[in-house]
Amino acid sequence: LGRCRSFLEFASGFGRFTRHLVKALPPGSLGVSDVVPGSVDFLRQRHGVEGFYSTHVPGDLVVPKKYSTIFVLSLFSHLPRETWALWLQSLYEALDVDGVLVFTTHGAKCARLLGVQIPADGFQFVASSESTVLSKDEYGTAFTSAEYVCDVIRSRLTGAVIHEFPEKFWGNQDAYAVVKTK
């Protein structure tokens, strides 16, 4: 992290990870983005980071620059099928060549712990959310198999190299690091 040129924490909220990242990254390298009103302004003021507001529609996202690392904790574990792959594509496009997109999902262990059955196609969405900003139909709870995630990456992200880390976040969320090659 100490050598990272440009790092974006996407879906940063009010700084659950920002407060730690700002201490580990070189000054001026951390950017944040979220859709929740007030969140980006708060992080700019509190931590002196760059930031921009996200959108509800992946195709409307305007990212001001390319990043060497984009970190997305607990967004893909909440998206419906209609926008899941589109958000992945939008964020992948915001990477520099040789950049890394790191994100988490609710995989098999999360589904098992919550008594959810992931169907054969590898994707299950439950329209249920604690968010007061986003509707439960656009931000609920999603469960994905590793096969589903890898198939989406292979079919939609040109030059992507996939690294899988099952059950590595909080001992139950799956993590992926996707490297963007030429």
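This text follows the structure it describes.
Keep in mind it's a predicted model, so treat the numbers as computed, not measured. (Residues numbered from 1 in each chain as written. Predicted model: local features only at pLDDT ≥ 70, side-chain atom pairs only at ≥ 80, totals over all residues. Heavy atoms only, no water.)

Draft legend 1. Up close: the nonpolar core. Core analysis: the largest hydrophobic core is formed by 33 residues, its most contacted members being Ile70, Trp84 and Phe103. Broken down by secondary-structure element, the contributors of at least two residues to this core are strand S1 (7-10), strand S4 (67-72), helix H3 (81-93), strand S5 (95-105), helix H5 (146-156) and strand S9 (173-180). If you tally residues by element for this core, the top one is H3, at 6 residues. Once residues within four sequence positions are removed from consideration, Trp84 is found in contact with Phe76, Leu79, Phe103, Thr105, Phe123, Thr144, Tyr148, Val149 and Val152. Residues Leu43, Val49, Phe71 and Leu73 belong to the second largest nonpolar core, which totals 13 residues. (Core = buried A, V, L, I, M, F, W, Y, C linked by side-chain atoms within 4.5 Å. Buried < 20%, exposed > 50% of the residue type's maximum accessible area, 1.4 Å probe, protein only. Helix = DSSP H or I, 4+ residues; strand = E, 2+ residues; numbered from the N terminus. Contact = heavy atoms within 4.5 Å.)

Draft legend 2. How the structure looks around the sheet that holds strand S2 (residues 30-34). The strand order across the open sheet built from 7 strands is S3-S2-S1-S4-S5-S9-S8, with neighbouring strands paired in mixed fashion. Each edge of the open sheet is held by one strand with a lone partner, namely strand S3 (50-53) and strand S8 (160-169). Between one strand axis and the next, the sheet turns through 15° on average, direction left out of account. Here 7 bridges tie S8 to S9, and the two strands are oriented antiparallel to one another. Within the sheet, the bridge partner assigned to Val161 lies in S9 and is Val179. Contacting S1, S4, S5, S8 and S9, H3 runs over the sheet at an angle of about 145° to S5. Its contacts with the sheet place H5 against S5, S8 and S9, and it is angled at close to 155° to S8. (Pairing = 2+ DSSP bridges. Axes fitted to C-alpha atoms, helices over the stretch in contact; angles between N-to-C directions.)

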